[in-house]
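Understanding the architecture of this molecule
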Amino acid sequence: MASLNILHLYPNTLHLNGEAGNVLALKRRAELAGFKVLVKFAEIGETLPKVRPHLVFIGSGTSQATLTAAEHIIKFDRELHGWVKQGTKVLAVGTGFDLISQGLILPDGTTVNGLGMTNTTHRVTGNHLVGEVVVDADFAGFINSDREIIRGDDAFALGRVQRSDEVSLVGYLDGYSDGKVWATNVQGPFLPMNPSFADEILAAIFPTYVNTDSSRTLDSLAAKARKAISIRVGN
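A brief report on the enclosed structure follows.

Conventions we followed
Residues numbered from 1 in each chain as written. Predicted model: local features only at pLDDT ≥ 70, side-chain atom pairs only at ≥ 80, totals over all residues. Heavy atoms only, no water. Helix = DSSP H or I, 4+ residues; strand = E, 2+ residues; numbered from the N terminus. Polar contact = N/O pair within 3.5 Å; in protein donor to acceptor, adjacent residues only side chain to side chain. Contact = heavy atoms within 4.5 Å. Salt bridge = Lys/Arg side-chain N within 4 Å of Asp/Glu carboxyl O. Buried < 20%, exposed > 50% of the residue type's maximum accessible area, 1.4 Å probe, protein only. Pairing = 2+ DSSP bridges.

Details of the side chain of Asp-146
Looking at the element boundaries, Asp-146 is found in strand E8 (residues 139-151). Here the side chain of Asp-146 touches Arg-147 through a polar contact of 2.6 Å, side chain to side chain. Asp-146 has contacts with Arg-123, Val-124, Thr-125, Gly-126, Asn-127 and His-128, leaving out every residue within four places of it along the chain.

Next comes the structure, spelled out in structure tokens:
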């Protein structure tokens, strides 16, 4: 039986919107497909595990928590990039996206260095955009962010918001995906709500992975949740 090893970074520091649900979604879908799953955790002040994980997950936190995490994670820049070169995948949600970007520009103009795993630079605008969003039939959720995303190339974006109950979010270009790294500002239960991305990540780790009939109930519930958002924001 193949094993899936997940490293959840800073779960007690970056847990603003229940992002641990994304790890649980990957764990459950992998188990239903017959994989054994081991989840390890590393908090601020702790070292990374010696065994390279298949996936590193980073969630979202308050502004101060994110700055604290940024100061800590940059110490592992070389090690994390080395893991990615060897095949480790990365999923970052909310302010975790800031941490793996080129950098985060603060209101005073100071730039906090990120890991440089995406082609994006993020700027704190102070103007929070909050609302439910529909990107497409298989991608919906909730955004609460005051970040301007400056992109080197739109080709790696995860998707563009088509509808939202916050007018300013319509047209918003979200996320990043290059087959090694996935990031999004669709927060909270990103993968439970949008399981096609969970399957994409698992298939990138294990080419033999296939979505099984056992996941159909989860898929159906997710589809209903996305449909409910679609109805609320207007078809």
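Now that the structure is up, let's keep going.
Comments concerning the pattern of salt bridges
Counted by the stated rule, this structure contains 9 salt bridges. Residue Asp-219 pairs with Arg-29 through a salt bridge whose shortest N-O separation is 2.9 Å. In this pair, Asp-219 sits in helix H7 (residues 216-233) while Arg-29 sits in helix H1 (residues 20-32), placing the two residues 190 residues apart along the sequence. The residues Asp-219 and Arg-29 share a single accessibility class, namely buried. Here the salt bridges do not stand alone but share partners, grouping Arg-29, Asp-199 and Asp-219 into one network.

Here we look at the pairing of strand E13 (residues 181-184)
Neither face of E13 is open: one carries Val-181 and Ala-183, the other Trp-182 and Thr-184, and all of them are buried. Here 4 bridges tie strand E4 (residues 89-93) to E13, and the two strands are oriented parallel to one another. Considered in E13, the bridge of Leu-91 is made with Trp-182. Taken together, the 2 bridges between strand E12 (residues 176-177) and E13 define a ladder with antiparallel strand orientation. Counted as the bridge partner of Tyr-176 is Ala-183 from E13. Linking E12 back to E13 in an antiparallel pair, the connection comprises 3 residues, with Gly-179 at a positive phi of about 90°.

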